[in-house]
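Next come the chains, spelled out residue by residue.
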Amino acid sequence: DAGITQSPRHKVTETGTPVTLRCHQTENHRYMYWYRQDPGHGLRLIHYSYGVKDTDKGEVSDGYSVSRSKTEDFLLTLESATSSQTSVYFCAISDRGPNSYEQYFGPGTRLTVT
Amino acid sequence: DAKTTQPPSMDCAEGRAANLPCNHSTISGNEYVYWYRQIHSQGPQYIIHGLKNNETNEMASLIITEDRKSSTLILPHATLRDTAVYYCIVRSQRGIQGAQKLVFGQGTRLTINP
């Protein structure tokens, strides 16, 4: 299994509070991604990173920001959490080169905003 | 990106071959077909991918029609552990800066019955 961890694994927070989710990899892969998964929607890309300090938006980026200050860590921040951000969040990584077709996913973080 | 159409659910007997279809009639010449699966509550797992030719690996086989408008994922001897949601994704090999921005649909919920 690819070395990807997510923390926390579960979090309950109140509307309006800031929340930061962390994705940590030990594979030295170039690309990192944040997805959310909701019933009836499959996985949707929030933001991704193509290098240290290099990030771009995905299809559902409103209300989220990201940062990548070093290769191994990709942080997802909800500046002011809303109930619509209750979801399961998955981090993924991929590399460049001949094996760049495969994304490896982390175990997920279940976030509940009350 | 080409859209994909998959049946919402399928059943298969343990030990038999599971054949999962996917329609991607608007696929363009440089777009690959990827298959991922998601076992309950876990992050998605890469299975296989292909462009034109049929592909086989230790997990599955991928059959792509000559016109590339549809494909079939084959699990040759399904086991109970293959029960999962299977996603067919069509995506060009390279996104911005080489990143992959996978677009997941609803997938097919495959149930393997004893």
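Keep in mind that this is a model prediction, so the values were computed, not measured. Residue numbers run consecutively from 1 along every chain, following the written order of its sequence. All chains are assigned letters beginning with A, and all ligands numbers beginning with 1, in the order in which they are written. Where totals are concerned, whole chains, interfaces and linings use all residues; where local detail is concerned, this predicted model gives features only for residues with pLDDT of at least 70, and gives and counts side-chain atom pairs only at 80 or more. Computation of side-chain values: all heavy atoms of the structure, hydrogens and water removed.

### Thoughts on the overall build of chain A
For the purposes of this entry, the term helix denotes a DSSP run of H or I that reaches at least four residues, the term strand denotes a run of E that reaches at least two, and both are numbered from the N terminus. If you tally the helices and strands in chain A, you get zero helices and eleven strands. In chain A, the order of α-helices and β-strands from amino to carboxyl end is β-β-β-β-β-β-β-β-β-β-β. The reference for a compact globule is 2.2 Å times residues^0.38; the radius of gyration itself is calculated from the C-alpha atoms. Against the globule reference of 13 Å for 114 residues, chain A gives a C-alpha radius of gyration of 13 Å, in line with a compact fold. With the principal axes as the frame, chain A shows a C-alpha extent of 45 × 30 × 25 Å. A 1.4 Å probe rolled over the protein chains alone gives each residue an accessible area, and that area as a share of the maximum for its type sets the label: buried under 20%, exposed over 50%, partly exposed in between. For chain A, with 114 residues in total, the buried portion stands at 51%. The Shrake-Rupley method, run with a 1.4 Å probe, gives the accessible areas here. Residue values count only the displayed protein chains as cover. Of the accessible surface of chain A, which amounts to about 5300 Å², a share of 46% is contributed by carbon and sulfur atoms. Side chains of chain A carry 12 positive and 13 negative charges; the gap between the two charge centres is 2 Å. The charged-residue count follows a simple rule in which Lys and Arg add positive charge and Asp and Glu add negative charge, with His and chain termini not counted at all. Charge positions are represented by NZ for Lys, CZ for Arg, CG for Asp and CD for Glu.

### Observations regarding the interface of chain B and chain A
By the convention used here, residues are in contact when the closest approach between their heavy atoms is within 4.5 Å. On the chain A side, the residues contacting the 22 residues of chain B number 23 residues. Two parts placed together each lose some accessible area; with a 1.4 Å probe, that loss summed over both constitutes the buried area. In this assembly, chain B packs against chain A so that about 1900 Å² is buried in total across both faces, 51% of it on carbon and sulfur atoms. A pair is scored as a salt bridge if a Lys or Arg side-chain nitrogen falls within 4 Å of a carboxyl oxygen belonging to Asp or Glu. Viewed at the interface, chain A and chain B are joined by zero salt bridges. Pairing of N or O atoms within 3.5 Å defines a polar contact, subject to two protein rules: one partner must be a possible hydrogen donor and the other a possible acceptor, and residues neighboring in sequence count only if both atoms are side-chain atoms. Our enumeration of links across chain B and chain A arrives at five residue pairs in polar contact (both at pLDDT 80 or more). Counting only elements with at least two residues in the side of chain B that touches chain A, the list comes to strand 3 (31-38) and strand 4 (45-50) of chain B. With three residues, strand 3 of chain B is the single largest residue contributor to the side of chain B that touches chain A. Its residues assigned to classes, the side of chain B that touches chain A shows nine nonpolar, eleven polar and two charged. When residues are sorted by character, Ala, Val, Leu, Ile, Met, Phe, Trp, Tyr, Cys and Pro go into the nonpolar class, Asp, Glu, Lys and Arg into the charged class, and all the rest, Gly among them, into the polar class.

### Thoughts on the confidence of the model for chain B
Along the chain, pLDDT gives the predictor's confidence residue by residue, from 0 to 100. With 94% of its residues at a pLDDT of 70 or more, chain B has an overall mean of 91. Averaged over each element, pLDDT in chain B is lowest for strand 8 (residues 84-92) of chain B (89) and highest for strand 2 (residues 18-23) of chain B (98).

### Some remarks on the layout of surface pockets
Both cavities and pockets are sets of points on a 1 Å grid over the protein atoms alone; in a cavity a 1.4 Å probe fits but cannot get out, in a pocket the set is open with protein on both sides within 12 Å along at least five of seven lines, and lining residues sit with an atom within 4 Å of a point. Grid points are joined across faces, edges and corners, and a volume is the space filled by probe spheres set on the points. Taken as a whole, the largest pocket holds about 670 Å³ of empty space. Lining the largest pocket are 31 residues, with Gln37 and Arg110 of chain A together with Gln38, His40 and Ser41 of chain B sitting closest to its centre. The set of elements that each furnish at least two residues to the lining of the largest pocket consists of strand 4 (31-38), strand 9 (87-94) and strand 11 (109-113) of chain A together with strand 8 and strand 9 (108-113) of chain B. The element contributing the most residues to the lining of the largest pocket is strand 11 of chain A, with four residues. Here the residues of the lining of the largest pocket are counted per class, giving ten nonpolar, 17 polar and four charged.

### Some details on the sheet that holds strand 6 (residues 61-64) of chain B
Residues and elements named next belong to chain B. By this definition, two strands are paired if DSSP reports at least two bridges between them. Read across the sheet, four strands follow the order 2-7-6-5 without closing on themselves; strand pairing throughout is antiparallel. Edge positions in the open sheet fall to strand 2 and strand 5 (55-56), since each of these has one partner strand only. Where strand 5 lies against strand 6, two bridges are found, and the strand directions are antiparallel. Each residue of the ladder has a partner; that of Thr56, found in strand 6, is Ser61.

### Here's the deal with the pairing of strand 9 of chain B
Residue and element names in this part refer to chain B. Alternating residues of strand 9 divide into Thr108, Leu110 and Ile112, all buried, and Arg109, Thr111 and Asn113, none buried. Bridge count for strand 1 (residues 9-13) against strand 9 is five bridges, and the pairing is parallel. Bridge pairing in strand 9 places Met10 opposite Leu110.

### Thoughts on the environment of Val60 of chain A
All names here are of chain A. One can find Val60 in the loop between strand 6 (54-57) and strand 7 (64-70). On the accessibility criterion, Val60 (18% relative accessible area) is buried. Spatially, the C-alpha atom of Val60 lies 8.9 Å from that of Tyr35, the residues being 25 residues apart in sequence. Every residue in contact with Val60, bar those within four places of it in the chain, is listed here: Arg36, Arg44, Leu45 and Ile46.

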